[in-house]
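Architecture at a glance
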Amino acid sequence: MFVDILDEIGPTAKISLVLHTNGGQTATAWQLVNLIKSFCEQFEVLIPFKAMSAGTLISLGANEIVMSKQAVLGPIDPSLTHALGPLIPMGNQMARVPVSVEAVRGYLDAAEELKITDAHTLGSILMDLSNKVHPLVLGEIFRSREQIRFLADKLLRHSVQDSEKVKAIIDFLCADSGSHDYTINRREAQGLGLPVVKPSAEFYGILKKLHKSYTEEMKLLQPYNPNVELGLAAQANYRLVRGLIESPTGKSSYGFLSEGTLVRSQVPNPAEPSGVSVVVADQRSFEGWRKI
């Protein structure tokens, strides 16, 4: 999809990416930056609201990061979802949960900070961890930790020349910020040494208007509720736009869509005073990227 859009633009002096994301896969962020930069000399990221986690990693590859007054970046410490990851109950079934790379590192660092030196105790700490998190997952976690630092270093070198400053930025984004939910505003991002600039008043208005249009189209402020989608009907078709990739001309636009039918029905339930429970079945017919 990005290739189609970039081919439409063609080689050019500068490409600006308007970015709004909660994050995603770090390898994808790395590939995306390299792809865009192969089409231009200058790469600019525009952040109207937030570019968290992998979105921040993309921003590290930009020659310039334009942040609105409410825009935020976030830590880039990855969380790993693995087929052998920990299982927890979720509803009436078990689900794999992601494991934070830095949370595992923090657990082991705690033993060091508590000055635990006894070999038997240290072995027990490691065994307890490996009983909770599969050893192969732990191995992948430490590989991911080194990979994210390596990728961040390569991306930053294009805009930050000072090696000590690069290391300080990576340390803060990977570990020193404390929580994966931590937000980094424009002033703090500038203080870290990132190539951040603020938009003019006119351009800020454009960014704000653009973000508002995406918010409305993807219903970002409306929590998903199947009963609201159904209303009073027993059955209703739905089409939800959950992600967008758009070209500047609008000729090549792609949406991540969820489409299907919601069906409300009653099922026997002796635990209910009425003897029945109302349930909503989601008959999903399509989910994925499509040209729109």
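Structure: see above.
Residues numbered from 1 in each chain as written. Predicted model: local features only at pLDDT ≥ 70, side-chain atom pairs only at ≥ 80, totals over all residues. Heavy atoms only, no water.

**Describing helix H2 (residues 26-37)**
With 12 residues, H2 extends 17 Å between its outermost C-alpha atoms, agreeing within 8% with the 16 Å of an ideal straight helix rising 1.5 Å per residue. Within H2 the residues assigned to the buried category are Thr26, Ala29, Leu32, Val33 and Ile36. The buried residues of H2 occupy one face: seen down the axis, they fall within an arc of 120°. In the core, the buried residues of H2 are packed alongside helix H1 (2-9), strand S1 (12-18), strand S2 (40-47), helix H3 (54-60) and helix H6 (135-156). (Helix = DSSP H or I, 4+ residues; strand = E, 2+ residues; numbered from the N terminus. Expected span 1.5 Å × (residues − 1). Buried < 20%, exposed > 50% of the residue type's maximum accessible area, 1.4 Å probe, protein only. Arc of directions from axis to C-beta. Contact = heavy atoms within 4.5 Å.)

**Section: the nonpolar core**
Counting 40 residues, the largest nonpolar core has Phe43, Ile58, Leu60 and Leu194 as the members making the most contacts within it. Counting only elements with at least two residues in this core, the list comes to S1, H2, S2, H3, strand S4 (64-67), H6, helix H7 (163-176) and helix H8 (186-192). Looking at which element gives the most residues to this core, the answer is H7, with 6 residues. Once residues lying within four places of it in the same chain are set aside, the contact partners of phenylalanine 43 are Ile15, Leu17, Val33, Ile36, Lys37, Ile58, Gly61, Ala62, Asn63 and Glu64. Residues Val99, Val104, Leu129 and Val133 belong to the second largest nonpolar core, which totals 8 residues. (Core = buried A, V, L, I, M, F, W, Y, C linked by side-chain atoms within 4.5 Å.)

**A word on the packing of aromatic side chains**
Under the definition given, this model contains 2 aromatic pairs. Both rings, one in phenylalanine 172 and one in tyrosine 182, keep their centres 6.0 Å apart while their planes meet at 80°; by these two values the pair is edge-to-face. Of the two residues, phenylalanine 172 is situated in helix H7 and tyrosine 182 in the loop between H7 and strand S10 (184-185); the sequence distance between them amounts to 10 residues. A relative accessible area of 16% places phenylalanine 172 in the buried class. Against the face of tyrosine 204 rests lysine 69, its NZ or CZ located 4.8 Å from the ring centre. (Phe/Tyr/Trp six-rings, centres within 6.5 Å; stacked < 30°, edge-to-face > 60°. Lys NZ or Arg CZ within 6 Å of the ring centre and 35° of its normal.)

**So, helix H5 (residues 119-132)**
Compared with an ideal rise of 1.5 Å per residue, which puts 14 residues at 20 Å, H5 spans 20 Å between its outermost C-alpha atoms and is within 8% of the ideal. The set of residues buried in H5 consists of Ile125, Leu129 and Ser130. Summarising the axial view, the buried residues of H5 lie within an arc of 130°, below the 170-degree limit, and thus occupy one face. Residues of H5 that are exposed and point over 90 degrees away from its buried face: His120, Met127 and Asn131.

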